[in-house]
Amino acid sequence: MQPIWAGGGGEHPVEVYSESSSNNPKLSPSYPQRVSLSFLTNQNSSRELKTSSNSHLDSQNNSSSDDKPSSWFLESDSEAETQSKEMASFDSRRSRLQKQKEPSSSSESSSRSSAEPSMAESANPPGGGKNTPPKDFVCPITTHLFDDPVTLETGQTYERKAIQEWLDRGNSNCPITRQRLHSTQLPKTNYVLKRLIASWKELNPNLIPIQFDSVSDQVMPSTSPNSVISQASMEGLVSELRIAITKLCTSEILTESEMAVLKIERFWKEANLDIEIQNLLTKPPVINGFVEILFNSVDSRVLTATVFLLSELGSRERAVIHTLTRVDSDVECIVALFKKGLLEAVVLIYLLRPSLNNLIEMEMVESLLTTIKKNNDSFVTMCLNPKSVSVFLLGRIMGNSEESYVSAIAQTVISSNGVESIIGSLEAEWAEERIAAVRILLQCMEEDGNCRNIVADKAELAPVLESFLGASDGERFEIVHFLSELVKLNRRTFNDQILQIIKDEGSFSTMHTLLVYLQTAPQDHCPILAALLLQLDLLEEPRKMSMYREEAIDTLISCLRNSAFPVAQVAAAETILGLQGRFSSSGKPLLKSILLKRAKLDKRYKSLVSRWSAETLEEEKAAEEWERKIAFVLASHEFGLLFEALAEGMKSRYVELSSACFVAATWLVHMLSVLPDTGVRGAARVCLLRRFVSIFRSAKDMDDRALSMLALSSFINDPEGLHDLTTHMKDIMRGLRELKKSSVMAIEMLKVLSEGNESSADLWNHKELVQVDCSMHGEVLSIVCLKNKIISGHSDGTIKVWTGKGSILHPIQEIREHSKAVTSLAVLQPGDKLYSGSLDRTIRVWSIGGEVMHCVQVHDMKDQIHNLAVANSISCFIPQGAGVKVQSWNGGSKLLNPSKYVKCLALQQGKLYCGCQDNSIQEIDLATGTLSNIQTGSRKLLGKSNPINSLQVHDGLIYSASTAIDGAGVKIWSTSNYSMVGSLPSTVDVRAMTVGSELIYLGCKGGLVEVWSRDNHNRVETLQTGNHGKLNCMTLDGDENVLVTGTSNGHIQAWGLI
């Protein structure tokens, strides 16, 4: 049967490489090891051990305490110091256990002192006492006096039976020197040594040593708890134990060795812990015998007993651990048994004190989690609880490994439902286990914030707080970080409850303890520590003075300003973001998302905050109350000192720092508008206004611009702030115009800033970008802007495509497929098709999705097209004569409004609006054919007509432009009731018009362009085109930042809004 620890059927022998004795003379000696018969078939030696020239047992034992194993001890002094503290907790517990097992009467102590010599005593050097045999009289294999000594060619002497058994197992070298033997035939008995031993025994008649050949019958385990103690005196106990030890070390029969292990286990559990028994069992040969059982046994009871004994011995005698770690394969075997299901072996692994690298290489995370999830009743009672040890080892791995590896372990813990089991370790008696549990749970919460709710719901925090005083600085920070993460739940009321528990639980003042720690904590620990202290202080209504609060905020400001420590700066800024108190279900701060909502970017906010608590009323009230309290104490501290620190951080070259400071500053400035004025608004304005304007003007990210707009809105609401903004009005207005399509707040701010500044050129400035001469193609009759292109239609039938990038118009395509003037250009959404109407009686459909525009369809309208509007299934155009033609793309046509000569038209939402030569305006419902008069016509005055030259429909209003005979060049009508709702008192002859969301542009006969405000109907600017041709057409680009005009003398001109 294959040993449990072996994974590959015995085909791959375990090899352990060791340094030679010449290179490392202080290495402890090795001992002959038992090898299973099946294993011997494939390999001459089961394990290759380190050698030493020392053959004496005590010298072995003593040297082992100084030797260093090849790879399993700690790798550095720093790691050793770390583990020395870890072992201190265990040592104190071990001492208590030993005291519990010590006999209470002096008679028992006297009895033990008079018992026969232990194995350690039998190996003392000469001069140790008259009953102590010389070291040369003792066999290094059996540790007993020689009965039949034989001296090999290497000069080493052994008991004949013992060395014969060694050779019979296939070994051909000396057990001590490891030198190869030229002959395996044993020499004659060393009679000189034998006589010397006989003489010594005559002089010491009281010593009756147990001989190697005295091992006899097997001793079956007794079922009676008191059977061993009651069978014999202490002398008999030690005698029987010697027999079991001898069987363990020398028997070639596996079952005999297994029985010996069970016998030793029973002795250990039933007898009072005696130093002689411990000395007998901690000898290297005995430990190696136990290890051989681990290598070869398949009996789970025997393996458990072996691990139990090795753990008990190793916890009391460090030399045992040195013996185990001397050979790498021994440790590998123990780890393999643990991973195969012998969970108690984790205690022994812990006692071996492996280095961190070796812990990671063991790859036993899953086995550790299996052990952690087991009930304590599932384990044998040992010196340490396997579950506790597993939590400790897992915590050590997660606390010192690479981030990616820790993340993978945390995912494994969460996916295997191990979080709740680890939560239970927070209440453990062993402080190191509690701290390890804190470390594991902290990593799990950072990996998956959703498990934060489970921890917060089930964790007992009092034991965690009790661990704080005795912990190291690093462990204290882990505890503080853990508590800080717990108060990042997505329900404010729960966060307040946990903060109250942290404040009230424990046998000491939490706040005072945190304050003392804050004053000496490392710089990078301070922000999180200060934030927790501040939150605890604010559980009550903010008072005038609080040393906890003052110290906490001073620390945050100090960290923010410490440019020599960028890590602490970033941590402080991000900590302030979390103080606002609202978090997602995964524990991420929602401050930025909430500010975007307040900037009225609702769609963005909803996508970012989709999991906000369902209990809106109660939670929102609690959240608002907390936000006001925390914002008040932060903003009012030292008359706005925090604003100075945030302003400095916003200038940092570190993106993380500048971004976090920007959001934090935006929040606090915004909160000033809802908090009572304590005189800090001026400080905030002085520190931050210019910076906010700079970001608002230059930021490319929409969120950054929206946040800076929100901050500026707070200054606008303050009369002094509004006054300070006047020097930046130009930049602010430009930014607001760009944001008005995304945010209602931008429109509201534009209205506020426009009041009293209607005629200010600073608010509405246009700059000529470019002018090109296209007179070779005649008049520019139509023009449209599409994406980054400008498309113009000319009187000679040419269509030209221009790039709209930069300050120069570059012609990229010229098309001449119409035979006569292109009078109209129209784009149908989503903007991949262009329709051109011409006097050649055709409408052409152009594909404009690619780099080059090309015609995909031609419709013969059988009439000239003077003005064109298109929808999905129809086109409407002004023919040569009266009326308006509606043409289906399928071929059918109809003449509408036949009694009127239409000059211009507009099509919107199934309604056709006609501006006529007689100054009348009609609305035609294309679905029903119903015609409604908006403005009745007028007769010619002095033989001159007053036609409607341009008609635009925008946001439910109709804008009609004509000659300003009655003092209003543009009239504005409602599409709902056809009433006139306003007018523009322009006195010029308006020939073209385009309407934007804020401005109205009027193209005049003399080459002027008047710019009017849509809101207050005041003229804000007049643009000089520089030529005397009349303006035939004009259009705005998609962002309404560029105006493009076409004139009768063939010029195209572009103006930019600055």
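Please refer to the structure placed before this passage.
Throughout what follows, the structure given in this document is the object of discussion. Treat the numbers as computed from the prediction; the structure is a model and nothing was measured.

## Regarding the pairing of strand β28 (residues 1031-1036)
Logical step 1: Across the 6 residues that make up β28, a large majority, 6, are buried.
Logical step 2: As paired strands, β28 and strand β29 (residues 1042-1047) are joined by 5 bridges and run antiparallel to one another. If you follow Leu1036 over to β29, its bridge partner there is Leu1043.
Logical step 3: Following β28, the chain reverses through 5 residues before pairing antiparallel with β29; Glu1040 in that reversal takes a positive phi of roughly 60°.

## Focus on the packing of helix α26 (residues 510-518) against helix α27 (residues 526-537)
Logical step 1: Two elements in contact, α26 and α27, have axes separated by 10 Å at closest approach and are oriented at 155°. With respect to their mutual orientation, α26 and α27 come out roughly antiparallel. Between α26 and α27 lies a crossing of left-handed hand. Along its contact with α26, which presents Thr510, Met511, Leu514, Leu515, Tyr517 and Leu518, the element α27 presents Cys526, Leu529, Ala530, Leu532, Leu533, Leu536 and Asp537.

## Concerning the packing of helix α30 (residues 591-598) against helix α34 (residues 655-672)
Logical step 1: The contact between α30 and α34 brings their axes to 10 Å, and the two run at 50°. Accordingly, the angle class assigned to the pair α30 and α34 is oblique. For α30 against α34, the interelement crossing comes out left-handed. Residues Leu591, Lys592, Leu595 and Arg598 of α30 touch α34, and the partners they reach there are Val663, Thr666, Trp667, His670 and Met671.

## A closer look at the layout of surface pockets
Logical step 1: Its boundaries defined by the atoms lining it, the second largest pocket holds a volume of some 880 Å³.
Logical step 2: His481, Glu485, Lys488, Ile528 and Glu574 are the residues nearest the centre of the second largest pocket, which is lined by 33 residues in total.
Logical step 3: When contributions to the lining of the second largest pocket are tallied by element, the ones reaching two or more residues are α21 (431-447), α24 (473-486), α27 and α29 (566-579).
Logical step 4: For the lining of the second largest pocket, the element with the highest residue contribution is α29, accounting for 9 residues.
Logical step 5: Within the lining of the second largest pocket, the residues separate by chemical class into 14 nonpolar, 9 polar and 10 charged.

## So, the sheet that holds strand β25 (residues 999-1004)
Logical step 1: Taken in spatial order, the 4 strands line up as β24-β25-β26-β27 in an open sheet, and their pairing is antiparallel. With partners counted over all chains shown, the strands left at the sheet margins are β24 (990-995) and β27 (1019-1024), one partner each. On average, each strand axis in the sheet is inclined to that of its neighbour by 20°, with strand direction left out of account.
Logical step 2: Summarising the sheet, β24 and β25 pair through 5 bridges and their orientation is antiparallel. Counterpart to Val990 in the pairing with β25 is Cys1004.

## Quick notes on the sheet that holds strand β4 (residues 780-786)
Logical step 1: With respect to topology, 4 strands assemble into an open sheet ordered β4-β5-β6-β7, the strand pairing being antiparallel. Edge positions in the sheet fall to β4 and β7 (810-815), since each of these pairs with one other strand and no more. Averaged over all pairs of adjacent strands, the angle between their axes in this sheet comes to 20°, without regard to strand direction.
Logical step 2: Pairing of strand β6 (residues 799-803) with β7 involves 5 bridges; the strand directions are antiparallel. What sits directly across from Val801, in β7, is Gln813.

## Some thoughts on unusual backbone geometry
Excluding glycine, a negative phi dihedral is what most residues carry, and trans is how most peptide bonds are arranged.
Logical step 1: We note that Asn897 has phi near 50°; this positive angle belongs to a residue other than glycine.
Logical step 2: Looking at where Asn897 falls in the secondary structure, it is placed in the loop between β15 (893-896) and β16 (902-908).
Logical step 3: For Asn897, a relative accessible area of 7% translates into the label buried.

## Notes on the nonpolar core
One broad rule of soluble globular proteins: the nonpolar side chains tend to lie buried together.
Logical step 1: Counting 205 residues, the largest nonpolar core has Leu394 and Phe482 as its most contacted members.
Logical step 2: Broken down by element, the residue count for this core peaks at 12 residues, all from α34.
Logical step 3: Dropping the residues within four chain positions of it, Leu394 is found in contact with Val365, Leu368, Leu369, Ile372, Ile409, Val413, Ile422 and Ile440.

## Some details on the environment of Ser1013
Logical step 1: Here Ser1013 shows up in strand β26 (residues 1008-1013).
Logical step 2: For the pair formed by Ser1013 and Glu998, sequence separation is 15 residues and the distance between their alpha carbons is 6.1 Å.
Logical step 3: Residues in contact with Ser1013, not counting those within four places in the same chain, are Glu998, Leu999, Asn1018 and Val1020.

Rules behind the numbers
Residues numbered from 1 in each chain as written. Predicted model: local features only at pLDDT ≥ 70, side-chain atom pairs only at ≥ 80, totals over all residues. Heavy atoms only, no water. Buried < 20%, exposed > 50% of the residue type's maximum accessible area, 1.4 Å probe, protein only. Helix = DSSP H or I, 4+ residues; strand = E, 2+ residues; numbered from the N terminus. Pairing = 2+ DSSP bridges. Axes fitted to C-alpha atoms, helices over the stretch in contact; angles between N-to-C directions. Parallel < 35°, antiparallel > 145°, perpendicular 65-115°, else oblique. Left-handed = near helix turned anticlockwise from the far one by under 90°. Contact = heavy atoms within 4.5 Å. 1 Å grid on protein atoms, 1.4 Å probe; cavity = no way out; pocket = protein on both sides within 12 Å on 5 of 7 lines; lining within 4 Å. Points joined across faces, edges and corners; volume = space filled by probe spheres on them. Nonpolar A, V, L, I, M, F, W, Y, C, P; charged D, E, K, R; others polar. Core = buried A, V, L, I, M, F, W, Y, C linked by side-chain atoms within 4.5 Å.

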